[in-house]
Every structure is written in C-alpha cells, then in structure tokens.
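Summary of the model geometry
Each chain is listed here by its residues.
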Amino acid sequence: MSRTAVAAATMTLALWSLSGAVQAQTPAPAAVQTRAPADAATRASYDRADALTRSVFWSQEQQINPMDPVAGVKTAQALRELGQFDQAAETAQGVLTVQPANIEAMLEVGRAHIARGQAFYGIAALEQARASAPRDWRPLSLLGVAYQQVRRADDAKTAWNEALRLSPDNPDVLTNAAIARMGEGDAPSAEILLRRAAAQPTATLKVRQNLALSLGLQGKTAEAEQILRRDLPPEVADANLRWLAERTAAARGAPITAAVESGTARTWSSVQGG
C-alpha cells in the first residue's frame, strides 16, 4: 500500500443535568439565585460521565467561579472530546492566563491544537510543560505527536524515546509512535510497537483497534477480524472490516480518502493515539 494511502488511513490525530448545591440569596428587586460551586464528591462523580454531560457541568462551575482552574481544564477536556477543538484550545489558554504554571492546562492546549490539525500552535505550551515537569511522560508523548504533525520526525522520535525512558512500555506512547510509523508507510514496524502496547495491562480499546488497523493494512485480515469482533458490536466490526476490504482491494497505487462514519459505527478515520 502506498505511503499516501496509509497516511490517509491512519490520519487522526472526540447534556447532563446540573447537580450542584444551590444557595438561595436574599432577593433584590427581582428574585436572584446564586449557585455555589459543587462539593468535591459531586465533582468526582461527574468525572465518570460522558463528555456532553461533563461539558455542561464544568462550564457551569466555571461560570460560578471564572478563576477556578480545575473547572477550566475539565471544560476544555470535555469540549475537545466533543470535537469543539477551537473552543477547547481557547478555554485551556484562558486557564493559563489565570494560572500560568498549570501543567494540566498546558497539556490541554497542546491536545486541542493537535486535534484541530494545528499542532504548531500547541508546541510552546507542551515544551513549557516538559520544562516544568521533567519527570512527567505526558508532555513528551504529546510533543512527539505535535512534532510529527509539523514534520519534525527526528524530534518526535526523540520525544517518544524519552517518554518511554520515563514510563517504559507505556501503551499511549507506543501507540503514538506506531501511528507515526503507519503514516510513514511502515505498517510492519507499527505492528511491533502496537503488539507491545496491547500486551500492557493498561492497554485500551484504542490501542487494540490501532493494532487491528496495522494488521489489516498488511493483509492480515483474519487476525484483524478477531480483534475487532472481540472488542466491537457486530455491526461496528462489520463496518470496519468493509472499510479495510475496500482499501486492500484497491489498486496499491490508488489514493485512499478518509473513511466516512455511518450512523454510530466507528470507522478508521476516528481511530487515533492517546
């Protein structure tokens, strides 16, 4: 399969009801109510909710206290997961205005710009996070993705190697490095990294789906199908298998366009590294 085909195939790189304490105030000329921030237990419970619910809750918390950096970061994260990348980047950047040393906000700035395809604008924040937290693998892993997106392949590899030194066999780092290999047309090398990632106890569904992709792109469809059918509902697995079949059946030199999602079925255009 051509470089262009594989790169396109691996390109990524996405309301809850508000529950919080409400404190009645003595009404002015018109009745006015002011909400108090939710308590720690309520906040923790929302971390288990879906992205749409979290976006509503945390944006409400941010409205209550615009200087709350936790609410700002979690709002940005939820917006990014919903695909609202520009708004996510703006929200995370706003946290840094209030709290310039906030590592989590720096990471969210980087993630949002990577997700919107403009990684260049997130590199400064990620490099600042790397300098501020030299023992944290996350800035390095994200920097690898950002560098790869702006065609700084050597810098990307250096960042991932350093991340793996800090966190050996980390599945997120290995997956990011593997996706870069697939983008370069090297699916066999990506497969090695993804098998290593999938063997880790903390490996996620995303890791296994990327492994299936690397196998399918090499024509190892039987093993790819086994992975897909273990992890996905039948109709979703069928959609991904059809996607792979269409690509592997096409002429090797023919360009591949990004897959289009149909209904709720995941397609390979939605698979990305952590």
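Values in this document were obtained by computation on a predicted structure and should not be read as measured data. Counting of residues starts from 1 at the beginning of each chain's written sequence and follows it residue by residue. The model is predicted, so local features are restricted to residues of pLDDT at least 70 and side-chain atom pairs to those at 80 or more, both for listing and for counting; the totals for chains, interfaces and linings are taken over all residues. Hydrogens are left out, water is left out, and the side-chain values use all remaining heavy atoms of the structure.

**Things to note about the overall build of the protein**
Secondary structure assignment for the protein yields 14 helices and 2 strands. Taking all 274 residues of the protein together, 44% fall into the buried category. Accessible surface for the protein amounts to roughly 13700 Å². Of this, 52% is attributable to carbon and sulfur atoms. In this description a helix means any DSSP run of H or I spanning at least four residues, a strand means any run of E spanning at least two, and both kinds are numbered starting from the N terminus. Only protein chains enter the accessibility calculation, which uses a 1.4 Å probe; a residue whose area is less than 20% of its type maximum is buried, one above 50% is exposed, and one in between is partly exposed. Here the open area of atoms and residues is found with the Shrake-Rupley method and a 1.4 Å probe, where only the protein chains shown may cover a residue.

**Examining the packing of helix α11 (residues 187–198) against helix α12 (residues 205–217)**
The relative placement of two packed helices comes down to the angle between their axes together with the axis-to-axis distance. Inter-axis angles, ranging from 0 to 180 degrees, are taken between N-to-C directions of lines fitted to C-alpha atoms, where helices are fitted over the stretch in contact. Contact pair α11 / α12: the axes reach a minimum separation of 9 Å and the direction vectors enclose 150°. Taken as axis vectors, α11 and α12 run roughly antiparallel relative to one another. Here α11 and α12 pass one another in a crossing that is left-handed. Each of Ala-187, Glu-191, Leu-194, Arg-195, Ala-197 and Ala-198 in α11 lies in contact with α12, whose residues at this interface are Val-207, Asn-210, Leu-211, Ser-214 and Leu-215. Side-chain classes are defined by residue name, with Ala, Val, Leu, Ile, Met, Phe, Trp, Tyr, Cys and Pro counting as nonpolar, Asp, Glu, Lys and Arg as charged, and the others, Gly among them, as polar. Classifying every residue of the contact of α11 with α12 gives 7 nonpolar, 2 polar and 2 charged. Angles below 35 degrees are treated as roughly parallel, those above 145 as roughly antiparallel, those between 65 and 115 as roughly perpendicular, and all remaining angles as oblique. Crossing handedness is defined as follows: a turn of the near helix away from the far one that is anticlockwise and smaller than a right angle gives a left-handed crossing, while the clockwise case is right-handed. The criterion used for residue contact is that any of the two residues' heavy atoms lie within 4.5 Å.

**Notes on the packing of aromatic side chains**
In this description, a pair of aromatic rings is defined by centroid distance and the angle of the planes. Only the six-membered ring of Trp is used, alongside the rings of Phe and Tyr, when aromatic pairs are assigned; centres must lie within 6.5 Å, and planes under 30 degrees apart are stacked while those over 60 apart are edge-to-face, with the rest tilted. The full count for this structure, using the stated rule, is 3 aromatic pairs. With centroids separated by 3.8 Å and ring planes inclined at 15°, the aromatic side chains of Tyr-46 and Phe-57 adopt a geometry described as stacked. In this pair, Tyr-46 is assigned in helix α2 (residues 40–46) and Phe-57 in helix α3 (residues 51–64), connecting sequence segments 11 residues apart. With respect to burial, Tyr-46 and Phe-57 carry one shared label: buried. Ring geometry for Phe-120 against Tyr-121: centres 5.3 Å apart, planes inclined by 90°, an arrangement best described as edge-to-face. A relative accessible area of 56% places Phe-120 in the exposed class. Put simply, the rings of Tyr-46, Phe-57 and Trp-58 touch in pairs and so form one group of aromatic residues.

**Considerations on the pattern of salt bridges**
Here, a salt bridge means any Lys or Arg side-chain nitrogen found within 4 Å of an Asp or Glu carboxyl oxygen. In this structure the tally under the stated criterion is 18 salt bridges. The partner of Glu-61 in a salt bridge is Arg-43, and the shortest N-O contact between them spans 3.0 Å. Placement of the pair is Glu-61 in helix α3 and Arg-43 in helix α2, with a sequence separation of 18 residues. Across this residue pair, the class does not change: Glu-61 and Arg-43 are buried.

**Here's the deal with the confidence of the model for the protein**
It should be kept in mind that the predicted coordinates are not to be read in detail where pLDDT is low. Summary of the metric used: pLDDT quantifies the predictor's per-residue confidence within the range 0 to 100. Looking at the protein as a whole, its pLDDT mean stands at 81, while 78% of the residues score no less than 70. Within the protein, the lowest mean pLDDT, 33, falls on strand β1 (residues 22–24), and the highest, 97, falls on helix α7 (residues 120–132). This model gives residues 254–274 a pLDDT under 50, and the stretch forms 50 contacts once residues within four places in sequence are excluded.

**Some points on the packing of helix α9 (residues 153–166) against helix α10 (residues 171–183)**
In contact at an axis separation of 10 Å, α9 and α10 are set at 160° when each is read in the N-to-C sense. By the criterion of interaxial angle, the relationship of α9 to α10 is roughly antiparallel. Of the two elements, α9 crosses α10, and the hand of that crossing is left-handed. Seen from α9, the contacting residues are Trp-160, Ala-163 and Leu-164; seen from α10, they are Val-173, Leu-174, Asn-176, Ala-177 and Ala-180. Looking at the contact of α9 with α10 residue by residue, the class counts come to 7 nonpolar, 1 polar and no charged.

**As for the side chain of Ser-167**
For Ser-167, the position within the fold is in the loop between α9 and α10. Within the structure, Ser-167 has its side chain in polar contact with the side chain of Asn-170 (distance 3.0 Å). Pairing of N or O atoms within 3.5 Å defines a polar contact, subject to two protein rules: one partner must be a possible hydrogen donor and the other a possible acceptor, and residues neighboring in sequence count only if both atoms are side-chain atoms.

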